[in-house]
Structures are given as structure tokens and as C-alpha cells.
Amino acid sequence: MNSDTPLFDVIQQVSQRFPTKTAVVSDGLSLTYSALMKQVAVVSQVLDKHTLYGHVALVSDCPISNIVVAVACARSNRTFIPCNPQLKLHQLDKMMTHCDVSMVIVDDACFDHSASFSGEVWQLSSAVPVELSLLSAAKSQPKSPPSSPYLITLSSGSTGAPKPIAVTQACKLARAHQTQALYQLSESDVVLCASPFFHSLGQRLCFVALTLGATLVCQRRFNPKQWIELVSEFRVTFVISVASHLYVLKHHLIAALNKLSSLRHLVCSSAPVDTHFKHQIYQSLGCEISEIYGATEVAIATHLSLQASESKMATVGAACSNVELNILDDNLRPVPSGELGQIAVKSPLAFVEYYRALDQTCSAWSGGYFLTGDLGWMDQQGFVTYVGRIKDVIIVGGVMFTLKT
């Protein structure tokens with residue numbers, strides 16, 4: 001295996017094992033693994049012809065376009081920056097300048113976003129990038145060396161300005177393996193993704209499926225009724241949903257239980273779910289229910305299986321395998337069990353850096369632990385209770401108050 005492109009190598013091997021199997025379904029379009037890799041080859045050929053362009057940005061909300069360009073960048077050893085097409089033009093320009101973007105790929109719906117960019121711009125002809133048209137060329141940058149980050153994800157900015165979180169191909173592959181092992185996934189699974197690719201969860205689900213040989217079903221924009229129909233039509237077996245989606249889905253889930261019989265495991269991510277709601281979905285659905293806690297910088301840090309840990313339902317679980325947790329005081333010293341402090345995570349799946357932000361990168365760590373900026377406490381069994389963002393919580397006389405924004 002070529003150690004420079006480990007993520008691509010695994011996906012390529014999977015496509016050789018399952019060439020006629022459906023790899024991705026989205027917007028009524030279905031691609032086999034063979035067809036997907038043909039699309040990847042088209043984009044890769046374009047990238048390989050322009051060796052001076054190392055950082056490639058994509059402005060598109062099309063799941064298949066994001067997957068194809070992401071895998072092509074992995075194959076050609078480029079750094080990929082998936083962009084939120086809902087950002088304002090000045091926000092995109094600022095982000096692209098900071099991330100040293102030298103080539104932009106846009107689709108028809110997002111074409112105006114590239115108007116003021118001075119680098120290389122290609123336009124996708126449709127939902128699948130079969131044909132690309134060169135529009136302009138003015139800025140260049142050397143091709144990324146093997147040690148460079150593969151993917152730069154802009155954080156949500158919950159702790160201030162969005163941070164460019166850089167990870168390698170090896171890290172992305174290891175994160176996919178973490179999820180596969182945690183939920184015992186295989187090529188027979190059908191994975192539903194309702195999160196955009198510029199979100200770390202969207203990336204995780206895509207790579208989890210494609211590095212296994214499973215089928216990935218993508219929802220371009222979350223819609224609860226369509227979510228139910230997709231699970232039913234494609235016999236989805238595995239889902240990781242953000243908490244906000246689950247709350248919207250609540251009544252739809254209960255009203256459509258007959259359409260959800262294929263579900264084997266439902267996982268909640270990105271924000272804690274209240275205990276009462278956990279009980280409701282646990283009692284209603286006939287599948288395994290789990291909750292995870294983590295961050296884009298360190299992937300999944302804790303896991304809670306409701307079946308195995310009903311008495312811990314108020315927590316977000318205990319540390320995953322090979323992950324260490326600590327609760328730190330204001331001076332970044334560990335506190336005893338049961339005391340409140342900042343949640344800190346030591347993980348082999350940690351990010352490389354905040355791109356071009358050395359001070360931010362250095363300040364995010366203490367003693368090998370990533371400082372999440374989250375407040376919580378850990379019991380003697382190692383289960384963590386999440387309280388909130390440190391900046392949103394104040395304590396007066398031993399009483400906590402959450403600041404509403």
C-alpha cells in the first residue's frame with residue numbers, strides 16, 4: 001500500500017472487491033463503486049495536469065460532488081477544503097486566503113461564489129463532475145507534500161471565529177476504523193448521512209461507508225419525512241444523527257416505526273440529548289441506541305450504549321478505546337471525581353493543527369490533552385456528564401447558570 005495515500009488506497013481496494021455494488025445514493029442518483037472511481041479518475045486527471053495547485057476548495061452542497069472531489073484529492077495527494085455554500089462571499093474569500101487555496105471547484109448553483117477569487121476555478125457541469133471547464137488561472141502553489149494535511153475543516157466557531165482544523169489521510173482512515181469497530185459495521189451495512197460534507201460528521205459517515213464497501217445514502221438537506229422514507233426505501237441499518245435532527249424527528253420516528261425495521265443502530269452526536277428524550281427513543285425504537293461525545297479535533301471521545309448503561313443515561317458515556325479523559329480546573333490541573341471542570345481529551349486520532357494558526361494550536365493543548373472548552377464532570381466509573389460550553393456557563397455561590405444566546 002502506498003503510505004502517501006492510505007485513505008485512497010483503501011477505497012480503491014474496496015472498489016476492486018465490489019465494482020458493481022452500489023457505493024453512493026443521493027438525489028435519485030446511484031453510483032456503483034466502479035462508476036464512482038471513474039468519476040474520481042476524471043477529476044484526478046485534471047488535478048494531475050496542474051501540479052502547481054496543492055490546496056483545492058469545493059463550493060457545493062451536492063454530496064456526490066463532495067465525495068468525488070474528496071477521493072480525487074486523496075488520490076492526487078492534494079489538500080481538500082470543503083466549503084459551506086451558505087457562507088457569504090467575503091467569508092469564503094477570507095477562508096480561502098487563510099487556507100492558501102489555489103484551485104476552486106464550484107457547481108452551477110454556487111458559481112457566483114467564485115467571482116472574486118483570483119486562483120484556479122473549475123465548474124462542475126452537473127451533480128456529478130463528469131465534465132469540468134477551466135475559467136481562469138492566476139495563482140499557484142506547489143503540490144502538497146505527503147506530510148501535508150489532507151483535509152481542512154472549518155469548525156462551527158462555537159468558541160469564537162471558525163478554526164481551520166487540519167487532518168491527514170491516515171487520521172481520517174483511522175477515524176473511520178474507530179467508528180467501524182465501535183459499532184461492528186461491515187460491507188453489508190447501509191449508512192445514512194444527513195450531514196453536509198463540510199461538517200466533520202458528514203465526512204466521517206462517508207469514509208466509514210466507502211472504506212468498508214458498504215452503501216452510503218446521502219440526504220442533501222435534512223428533511224424528517226424524507227429521512228424516514230430513505231431509511232425505509234434503502235433499508236438503512238446505521239445512522240449517526242446530530243441531536244437537533246433527532247429532536248425534529250421525534251414524532252416522525254414514533255409515527256413511522258413500521259418503516260424503520262431495518263435500523264440496527266442509531267447514534268446521537270454533536271450535542272447532548274436530554275435523559276427524558278433518550279428514554280423515549282430507547283423505548284420506541286427496536287434497535288440499539290447510543291450517544292457519542294467528541295470534537296472535530298479529536299473525533300469520538302466517549303460512547304454511551306443505552307442498552308448496556310441504562311443507569312448512566314444522564315451522561316455522554318465513558319472514554320472510547322485508546323482515548324484518555326481528564327477533568328481540569330482553571331489552572332489546568334486534574335480535579336477529583338465528581339467535581340466540575342473542563343473536559344480534556346488525549347486521543348491517537350487528534351488533528352495535526354489549526355492551519356496557519358500556531359498560537360491557537362499550542363493553546364489548545366495541555367500535557368498532551370486537547371482542551372475542549374466544554375464543562376463537565378466524571379464519576380468514579382469514568383462516565384462523563386456534559387454541562388455546557390465554558391463560555392456559556394457561570395457559577396455563582398455553587399449554583400450554575402447557563403447563558404442564553
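Residues numbered from 1 in each chain as written. Predicted model: local features only at pLDDT ≥ 70, side-chain atom pairs only at ≥ 80, totals over all residues. Heavy atoms only, no water.

Colleague: Sorry, what's going on with the overall build of the protein chain here?
Modeller: Within the protein chain one finds ten helices and 24 strands. Counting over 405 residues, the protein chain shows a buried share of 57%. Taking as baseline every contact in the protein chain between residues at least 6 positions apart, the subset at least 24 positions apart corresponds to 64%. Carbon and sulfur atoms make up 53% of the accessible area of the protein chain, which totals about 17,100 Å². (Helix = DSSP H or I, 4+ residues; strand = E, 2+ residues; numbered from the N terminus. Buried < 20%, exposed > 50% of the residue type's maximum accessible area, 1.4 Å probe, protein only. Contact = heavy atoms within 4.5 Å. Areas by Shrake-Rupley, 256 points an atom, 1.4 Å probe, with all protein chains shown as cover.)

Colleague: Honestly, the packing of helix H1 (residues 6–17) against helix H2 (residues 33–49) in this entry has me stumped. Any pointers?
Modeller: How two helices pack is summed up by the angle between their axes together with the distance between the axes. The N-to-C vectors of H1 and H2 enclose an angle of 140°; their axes lie 9 Å apart at closest approach. One way to sum up the angle between H1 and H2 is to call them oblique. Here H1 runs over H2; the crossing is left-handed. Note on element contacts: H2 touches H1 through Tyr-33, Met-37 and Val-40, opposite Phe-8, Ile-11, Gln-12, Val-14 and Ser-15. Looking at the contact of H1 with H2 residue by residue, the classes come out as six nonpolar, two polar and no charged. (Axes fitted to C-alpha atoms, helices over the stretch in contact; angles between N-to-C directions. Parallel < 35°, antiparallel > 145°, perpendicular 65-115°, else oblique. Left-handed = near helix turned anticlockwise from the far one by under 90°. Nonpolar A, V, L, I, M, F, W, Y, C, P; charged D, E, K, R; others polar.)

Colleague: For this particular structure, what's the right way to read the environment of Glu-229?
Modeller: Structurally, Glu-229 is set in helix H7 (residues 224–234). When the C-alpha positions of Glu-229 and Leu-260 are compared, they lie 9.0 Å apart, and in sequence the two are 31 residues distant.

Colleague: Sorry if this is basic, but what is going on with the packing of H1 against helix H5 (residues 169–182) here?
Modeller: Contact pair H1 / H5: the axes reach a minimum separation of 7 Å and the direction vectors enclose 50°. Classified by the interaxial angle, the pair formed by H1 and H5 is oblique. Of H5, the residues touching H1 (which contributes Pro-6, Leu-7, Phe-8 and Val-10) are Gln-169, Ala-170, Lys-172 and Leu-173. Class assignment for the residues of the contact of H1 with H5 results in six nonpolar, one polar and one charged.

Colleague: Would you mind going over the confidence of the model for the protein chain with me for this structure?
Modeller: Predicted coordinates in regions of low pLDDT should not be interpreted in detail. Per-residue confidence for the protein chain gives a mean pLDDT of 86; residues scoring 70 or more make up 84%. A low-confidence stretch, residues 134–143 stays under pLDDT 50, and its non-local contacts, those more than four residues away or across chains, total 39 contacts. A low-confidence stretch, residues 396–405 stays under pLDDT 50, and its non-local contacts, those more than four residues away or across chains, total 15 contacts. (pLDDT = per-residue confidence, 0-100.)

Colleague: Can you help me understand the nonpolar core in this one?
Modeller: Nonpolar side chains in soluble globular proteins generally cluster together in the buried interior. Ile-67 and Phe-207 are the most contacted members of the largest nonpolar core, which has 81 residues in total. Considering every element that reaches this core, the biggest residue donor is helix H3 (residues 63–75), with nine residues. Excluding residues that lie within four positions of it along the chain, Ile-67 makes contacts with Val-24, Leu-36, Cys-206, Leu-210, Leu-216 and Cys-218. With 32 residues, the next largest nonpolar core counts Ile-228, Leu-249, Val-273 and Phe-277 among its residues. (Core = buried A, V, L, I, M, F, W, Y, C linked by side-chain atoms within 4.5 Å.)

Colleague: Please explain helix H6 (residues 200–210) as it appears in this structure.
Modeller: Along an α-helix, a turn takes 3.6 residues, which lines up residues three or four apart on a common side. For H6, the tally of buried residues reaches eleven of eleven residues, placing the bulk of the element in the interior. Residues of H6 that are buried: Ser-200, Leu-201, Gly-202, Gln-203, Arg-204, Leu-205, Cys-206, Phe-207, Val-208, Ala-209 and Leu-210.

Colleague: Looking at this structure, I do not really get H3. What am I missing?
Modeller: With 13 residues, H3 ought to run about 18 Å at 1.5 Å a step, and its terminal C-alpha atoms sit 18 Å apart, in line with that. Counting buried positions along H3 yields twelve of 13 residues, so the element is predominantly enclosed. Asn-77 sits one or two residues past H3 and shows a positive phi near 60°. (Expected span 1.5 Å × (residues − 1).)

Colleague: How should the pattern of salt bridges be read in this particular structure?
Modeller: Pairs can form between side chains of opposite charge whenever their charged atoms are close. All chains considered together, the criterion is met by eleven salt bridges. Arg-220 is paired through a salt bridge with Asp-27; the nearest N and O atoms lie 2.7 Å apart. Of this pair, Arg-220 sits in the loop between strand S11 (215–218) and H7 while Asp-27 sits in the loop between strand S1 (22–26) and strand S2 (29–32), and the two are 193 residues apart along the sequence. A residue is classified by how much of its surface remains accessible, and Arg-220, at 25% relative accessible area, is partly exposed. Of the residues examined, Asp-27 reaches a relative accessible area of 48% and is grouped as partly exposed. Shared partners join several salt bridges into a network, and the residues in it are Asp-27, Asp-61, Arg-220 and Arg-221. (Salt bridge = Lys/Arg side-chain N within 4 Å of Asp/Glu carboxyl O.)

Colleague: Would you mind going over the pairing of strand S22 (residues 384–389) with me for this structure?
Modeller: The two faces of a sheet get side chains in turn, since along a regular strand they alternate between them. Bridging between strand S21 (residues 369–378) and S22 involves five bridges; their strand directions are antiparallel. Paired with Gly-376 across the strands is Tyr-386, a residue of S22. From the end of S21 to the start of S22, which pair antiparallel, there are five residues, and Gly-382 there has a positive phi angle of about 90°. (Pairing = 2+ DSSP bridges.)

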